[in-house]
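A look at the structure
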Amino acid sequence: MGNNNLRLYFIDAMRAWAILMMLQGHFVDGLLDNAFRDNSNAVYSVWKYFRGVTAPVFFTVSGFIFTYLLIKGNEIGFNNPRVKKGIKRGLQLLAIGYLLRLNFFGLLKGQIYGSFYLVDVLHCIGLSILGIIGIYLLTISRNKYLFPGVLLATTLVLFVLEPNYKQYAHYYLPEMMANYLTKANGSVFTIIPWFGYAAIGAFMSVLFNRFKNFKYLYPAAIASFTIVGIGLLFYSSGFFLKLYNWTGMLIFSKVYFNNYLFIRLGDVSLVFAVFMLFRKFMSNSSVLKIGQSTLSIYVIHYIILYGSFTGLGLYYFLNHSLSPTIVIPGALAFMFTTTLLALQYERNKVYLKMQLSTAVKSVQQKGEAWLNEEGQPLLKAFVIKSKLSLVRLFRMVKN
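Below or above, wherever it landed, is the structure these notes cover. (Residues numbered from 1 in each chain as written. Predicted model: local features only at pLDDT ≥ 70, side-chain atom pairs only at ≥ 80, totals over all residues. Heavy atoms only, no water.)

What to know about the environment of Leu107
Structurally, the position occupied by Leu107 is in helix α4 (residues 104–108). Separated by 202 residues in the primary sequence, Leu107 and Phe309 have C-alpha atoms spaced 9.7 Å apart. (Helix = DSSP H or I, 4+ residues; strand = E, 2+ residues; numbered from the N terminus.)

Here it is as structure tokens:
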């Protein structure tokens, strides 16, 4: 088994771990009673820390796997079929992100609630994919170091400047656009700085691709990721303080006092190192299927927990009301049920799509038949009546 396959195995295993951690994290955070949210409690504190690792890992892995597939072949630029697929995928994630926040009851009242415009994980990952494609198209044919260099520089710039741009609410923009840049209106994620994690994942992917035939790829990668991870975790804050003392630039001081982005990147590096270290044990078919079904799992979990389309999810009925003795087994049951439903959907996806297509065609044919047989006279009468009403209206205005 070559490095290429092993690399995909450990990445899929990471995706599986990240999506499962997201499931339990959302369940516990949404339903645990506030009385039990005690940061002095060691168990809760550890859970809270690792919950904060989930999103950075998910974004980084998303950038990694997409870029790995993007640069896998020999075609470059617009000749690369992955460019078209990536654009389609990015737009699809954006559409699904908005669809999950749609409330049908509100539509029946002629309303679109403000929560529809908020930005979440899918929006940012979809836009991140489009961003990676944009950087790829602008740089890939110029210099082999330019593409990874721009990706790395993008992450560094977004992370270092975060203390400055996070304070802006961007009221001059339409709210729908501003929500991608600020949390002031209630967005859970914003494209900046989170695109930085997707970009660094893409950068890692380029390095793996460049050195895929290196005999000691994994030992070198494990050692490098471990060193970088420990360095970012324990020394990055001190490094920015020294930069501030040396240059006098206030931005480095601000990063020092709120250095969560680089610290989380250190966590991500260590997670990569651990999964690469145990990559030979991560070829279990169930784990790989979970890692390859993250979108289905996310959609189903959102519907069950947050009540997409109806607003009637577990969060609506049990918001911050459960004790740990109920939340913990509940989270396990939620993880199992959501994953099982997603895997069943993936197994029968082709059949379900065919059934849906057949149903849509049937409705369309019946609609056309009704329009030809009965609907045309009614439609014609409606047009004539509307025309007469408009004529009367114009006569009244003229008089």
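Focus: the packing of aromatic side chains
Per the stated rule, a full pass over the model turns up 32 aromatic pairs. An angle of 75 degrees between the planes, with centres 4.9 Å apart, marks the rings of Phe189 and Trp194 as edge-to-face. By the burial criterion, Phe189 is buried, and Trp194 matches it. Taken together, a centroid distance of 5.7 Å and an interplanar angle of 55 degrees make the contact between Tyr306 and Tyr315 tilted. Each member of the aromatic cluster is reached from another via a ring pair, and the members are Phe59, Phe159, Phe189, Trp194, Tyr197, Phe239, Phe240, Phe252 and Phe262. (Phe/Tyr/Trp six-rings, centres within 6.5 Å; stacked < 30°, edge-to-face > 60°. Buried < 20%, exposed > 50% of the residue type's maximum accessible area, 1.4 Å probe, protein only.)

Digging into helix α2 (residues 42–70)
For α2, spanning 29 residues, the distance from its first C-alpha to its last is 43 Å, which sits close to the expected 42 Å at 1.5 Å a residue. The N-cap residue of α2 is Asn41: its side-chain oxygen and the backbone nitrogen of Val43 are 2.9 Å apart. (Expected span 1.5 Å × (residues − 1). Polar contact = N/O pair within 3.5 Å; in protein donor to acceptor, adjacent residues only side chain to side chain.)

Thoughts on the side chain of Ser296
Tracing the sequence through the fold places Ser296 in helix α14 (residues 294–306). For Ser296, a relative accessible area of 9% translates into the label buried. Among the polar contacts listed, one links the side chain of Ser296 to the side chain of Glu346, at a separation of 2.4 Å. Among all residues touching Ser296, those that are not within four sequence positions of it are Ala342, Tyr345 and Glu346. (Contact = heavy atoms within 4.5 Å.)

By themselves, these figures tell us nothing about what the structure is for.
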